[in-house]
Amino acid sequence: MIVIKSKEEIDIMRVPCRMTGELLNDLEDYIRPGLSTLDVDTFCAEYIAEHGMIPTFKGYGGFPGNVCVSVNEEVVHGIPDAERILEEGDIVSVDVGAIYKGFTSDAARTYPVGKISEEAEKLIRVTRESFFSGMVFAKVGCRLSDISHAIQEKAEGEGFSVIRDFVGHGVGRDLHESPEIPNYGKEGRGPRLAKGMVLAIEPMIAVGTYETDTLLNNWTAVTTDGKYSAHYENTVAITEDGPEILTLVE
């Protein structure tokens with residue numbers, strides 16, 4: 001069942017979502033070669049705590065980190081590790097959620113570590129742009145798969161592939177609510193979007209194959225060909241006036 005949020009509930013969600021957007025912005029200046037992925041996790045955990053909130057992912061399904069920190073071929077669910085050191089040329093995706101008054105945010109960005117290749121720069125850019133291609137259809141009356149199709153069309157049109165094994169989702173009191181939101185598929189399918197839906201829309205785009213494996217830690221998903229993958233996610237409220245991207249702070 002898709003949970004429709006009231007105006008008051010969306011007002012509450014704006015608080016952790018705005019903080020999450022600010023945190024993701026601050027990570028742009030923080031991330032650099034020589035840091036460990038655990039350093040990134042600690043930075044995020046302290047930031048969330050300073051704002052009086054709780055990391056959503058800590059302990060979620062047994063996940064050990066405060067946030068997910070995924071490097072290069074790691075698609076999602078990278079476990080923070082003091083031994084995993086970021087190097088020049090890497091890309092790193094950080095997926096963050098924070099709980100406030102019973103509601104959670106959910107958003108992700110992919111960052112360059114120092115100077116990266118032109119291909120990696122393009123991957124990060126196109127992943128972000130594919131999200132905004134989907135936003136054209138994130139409005140009342142459109143079908144859910146209209147978003148999915150637009151994301152796929154943009155990413156594949158730029159020569160990249162769309163991860164199939166992981167999808168977006170509704171978000172609110174629970175991190176994962178209905179409906180699931182694939183980043184691929186034919187348009188004109190699925191439920192119609194309605195005022196009060198809140199969705200975590202999250203393109204995961206890869207340089208090579210879209211196929212993934214899960215590492216022995218039972219969490220971290222990687223591309224099977226070892227090529228880079230990027231992630232761009234926002235919590236989005238569907239309103240009468242179009243999408244309100246709650247975790248985007250500019």
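Just so it is clear, the structure is predicted and the values come from calculations on it, not from any experiment. (Residues numbered from 1 in each chain as written. Predicted model: local features only at pLDDT ≥ 70, side-chain atom pairs only at ≥ 80, totals over all residues. Heavy atoms only, no water.)

1. Brief notes about the pattern of salt bridges
Opposite charge on two side chains lets them pair, provided their charged atoms get close.
So, point 1. The full count for this structure, using the stated rule, is 13 salt bridges.
So, point 2. Between Glu-158 and Lys-122 there is a salt bridge, and its shortest N-O distance comes to 3.8 Å. Of this pair, Glu-158 sits in the loop between helix H4 (144-157) and strand E8 (161-162) while Lys-122 sits in helix H3 (residues 118-135), and the two are 36 residues apart along the sequence.
So, point 3. Take Glu-158: its relative accessible area is 24%, and that puts it in the partly exposed class.
So, point 4. Take Lys-122: its relative accessible area is 31%, and that puts it in the partly exposed class.
So, point 5. Residues Arg-128 and Glu-250 are paired through a salt bridge, measuring 3.6 Å at the closest nitrogen-oxygen approach. Taken together, the residues span a long stretch of sequence, with Arg-128 in helix H3 and Glu-250 in the segment after strand E17 (242-245) at a distance of 122 residues.
So, point 6. Glu-250 gets classed as exposed once you look at its relative accessible area, which sits at 81%. (Salt bridge = Lys/Arg side-chain N within 4 Å of Asp/Glu carboxyl O. Helix = DSSP H or I, 4+ residues; strand = E, 2+ residues; numbered from the N terminus. Buried < 20%, exposed > 50% of the residue type's maximum accessible area, 1.4 Å probe, protein only.)

2. A closer look at a negative patch on the surface
So, point 1. Together, Asp-165, Glu-211, Asp-213 and Asp-225 give the surface a local cluster of negative charge.
So, point 2. By the secondary structure assignment, Asp-213 is in strand E13 (residues 212-214).
So, point 3. On the basis of relative accessibility, which here comes to 43%, the residue Asp-213 falls in the partly exposed class. (Patch = residues over 30% accessible without salt bridge, like charges linked within 9 Å, V, L, I, M, F, W, Y side chains within 5 Å. Areas by Shrake-Rupley, 256 points an atom, 1.4 Å probe, with all protein chains shown as cover. Lys, Arg positive; Asp, Glu negative; His and termini not counted. Charge placed at Lys NZ, Arg CZ, Asp CG, Glu CD.)

3. As for the pairing of strand E4 (residues 91-96)
So, point 1. Taken across its six residues, E4 has six buried, putting it largely inside the fold.
So, point 2. Because side chains alternate across E4, one face comprises the buried residues Ile-91, Ser-93 and Asp-95, and the other comprises Val-92, Val-94 and Val-96, equally buried.
So, point 3. Inspection of the sheet shows strand E2 (residues 68-71) paired to E4 by four bridges, in the antiparallel sense. Following the sheet pairing, Cys-68 is matched in E4 by Asp-95.
So, point 4. Where E4 lies against strand E7 (residues 107-112), six bridges are found, and the strand directions are antiparallel. Bridge pairing in E7 links Val-96 to Ala-107. (Pairing = 2+ DSSP bridges.)

4. Describing the sheet that holds E17
So, point 1. If you walk across this open sheet you meet the five strands as E10-E9-E11-E16-E17, and the pairing is antiparallel. Two strands lie at the open edges of the sheet, namely strand E10 (177-181) and E17, each paired on one side alone. Looking at each pair of strands side by side, their axes are set apart by 30 degrees on average, direction ignored.
So, point 2. Where strand E16 (residues 234-239) and E17 come together, four bridges link them in antiparallel fashion. Looking across to E17, one finds that Ala-237 is bridged to Glu-244.
So, point 3. Here helix H1 (residues 7-30) sits on the sheet and contacts strand E11 (198-201), E16 and E17; the angle it forms with E16, its principal contact strand, is near 155 degrees.
So, point 4. Against the sheet, H4 engages E10 and E11, with an angle of about 40 degrees to E10. (Axes fitted to C-alpha atoms, helices over the stretch in contact; angles between N-to-C directions. Contact = heavy atoms within 4.5 Å.)

5. A look at the packing of H3 against H4
So, point 1. Contact pair H3 / H4: the axes reach a minimum separation of 7 Å and the direction vectors enclose 145 degrees. Both H3 and H4 take part in a crossing whose hand is right-handed. Listed contacts from H4 to Val-126, Glu-129, Ser-130, Ser-133 and Gly-134 of H3 are Ile-147, Ala-150, Ile-151, Lys-154 and Ala-155. (Left-handed = near helix turned anticlockwise from the far one by under 90°.)

These figures capture arrangement, not role.
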